[in-house]
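Single-letter residue listing:
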Amino acid sequence: MSGRSFKIVVLMDRCKGCGICISMCPKKVLEFSKEINNMGYNYTYPKNIENCIGCKFCEIYCPDFAIYVKPSDQPKAIIKVSQRIPRPPQEQE
Ligand code: SF4
Ligand code: SF4
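As a starting point, this report considers the structure included with it. (Residues numbered from 1 in each chain as written. Chains lettered and ligands numbered in written order. Predicted model: local features only at pLDDT ≥ 70, side-chain atom pairs only at ≥ 80, totals over all residues.)

## Some details on the site of ligand 1
- In the vicinity of ligand 1 there are 15 residues, among which Cys-25, Val-29, Cys-52, Cys-55 and Cys-58 approach most closely.
- Partitioning the shell around ligand 1 into residue classes produces twelve nonpolar, one polar and two charged. (Near = placed C-beta within 6 Å. Nonpolar A, V, L, I, M, F, W, Y, C, P; charged D, E, K, R; others polar.)

Encoded structure:
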């Protein structure tokens, strides 16, 4: 135990559910949410936040700048609605 804690912020509406962050994380901190975001994707979220070692691989490799990590006095998972992207209009008769 390093004694260091981290805050992970996910900008949920930017996430396209590609899973890169999940596969890059050496501590299996991240997982797909069961809920979908405004873009229609299962966004990632920090399921095991207390295991985070702050390596920032998730932040560095995310192609959409949808996740970032900062030192914190205690482990914290924050899911932010970053931008309201309207759903595509439904077909109308
Ligand atoms: S900072 Fe490292 S350990 Fe923490 S969630 Fe991201 S990839 Fe995983
Ligand atoms: S946070 Fe980024 S890397 Fe992770 S699933 Fe979403 S878009 Fe992909």
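Okay, back to it.
## Digging into unusual backbone geometry
- You will see that Lys-28, though not glycine, has its phi angle at about 55°, which is positive.
- Tracing the chain through its elements places Lys-28 in the loop between helix H1 (20–24) and strand S2 (30–36).
- We classify Lys-28 as exposed; it has 10 C-beta atoms within 10 Å.
- The residue Lys-56 is not glycine, and still its phi comes out positive at about 70°.
- As for its position among the elements, Lys-56 is in the loop between strand S3 (42–46) and helix H2 (57–61).
- The class of Lys-56 is partly exposed, set by 15 C-beta atoms lying within 10 Å. (Helix = DSSP H or I, 4+ residues; strand = E, 2+ residues; numbered from the N terminus. Buried ≥ 20, exposed ≤ 12 C-beta atoms within 10 Å, placed from the backbone.)

## A look at the environment of Glu-50
- With respect to the element layout, Glu-50 can be found in the loop between S3 and H2.
- Under the C-beta neighbour-count criterion, Glu-50 is labelled partly exposed, with 13 such atoms within 10 Å.
- Here the alpha-carbon distance between Glu-50 and Pro-75, two residues 25 residues apart in the chain, equals 5.7 Å.

## Digging into the pairing of strand S1 (residues 5–11)
- Sheet topology note: the S1/strand S4 (residues 67–72) ladder contains six bridges and is antiparallel. Note that in S4 the partner of Ser-5 across the bridge is Ser-72.
- In this structure, S1 lies alongside strand S5 (residues 76–80), joined through five bridges in parallel fashion. Across the sheet, the residue bridging to Leu-11 is Lys-80, located in S5. (Pairing = 2+ DSSP bridges.)

## Structural notes on the nonpolar core
- Of all hydrophobic cores here, the largest spans 18 residues; its most connected members are Ile-8, Val-10, Cys-21, Cys-58, Ala-66 and Ile-67.
- Looking at this core, the elements with two or more residues in it are S1, S3 and S4.
- Among residues more than four places away in sequence, those in contact with Cys-58 are Cys-21, Met-24, Cys-25, Leu-30, Ile-67 and Val-69. (Core = buried A, V, L, I, M, F, W, Y, C linked by C-beta atoms within 7 Å. Contact = placed C-beta atoms within 7 Å.)

## Comments concerning the environment of Phe-6
- Summarising the element assignment, Phe-6 is placed in strand S1.
- In this structure, the C-alpha to C-alpha distance between Phe-6 and Cys-52, residues 46 residues apart in sequence, is 6.7 Å.
- Once residues within four sequence positions are removed from consideration, Phe-6 is found in contact with Cys-52, Gly-54, Val-69, Lys-70, Pro-71, Ser-72 and Pro-75.

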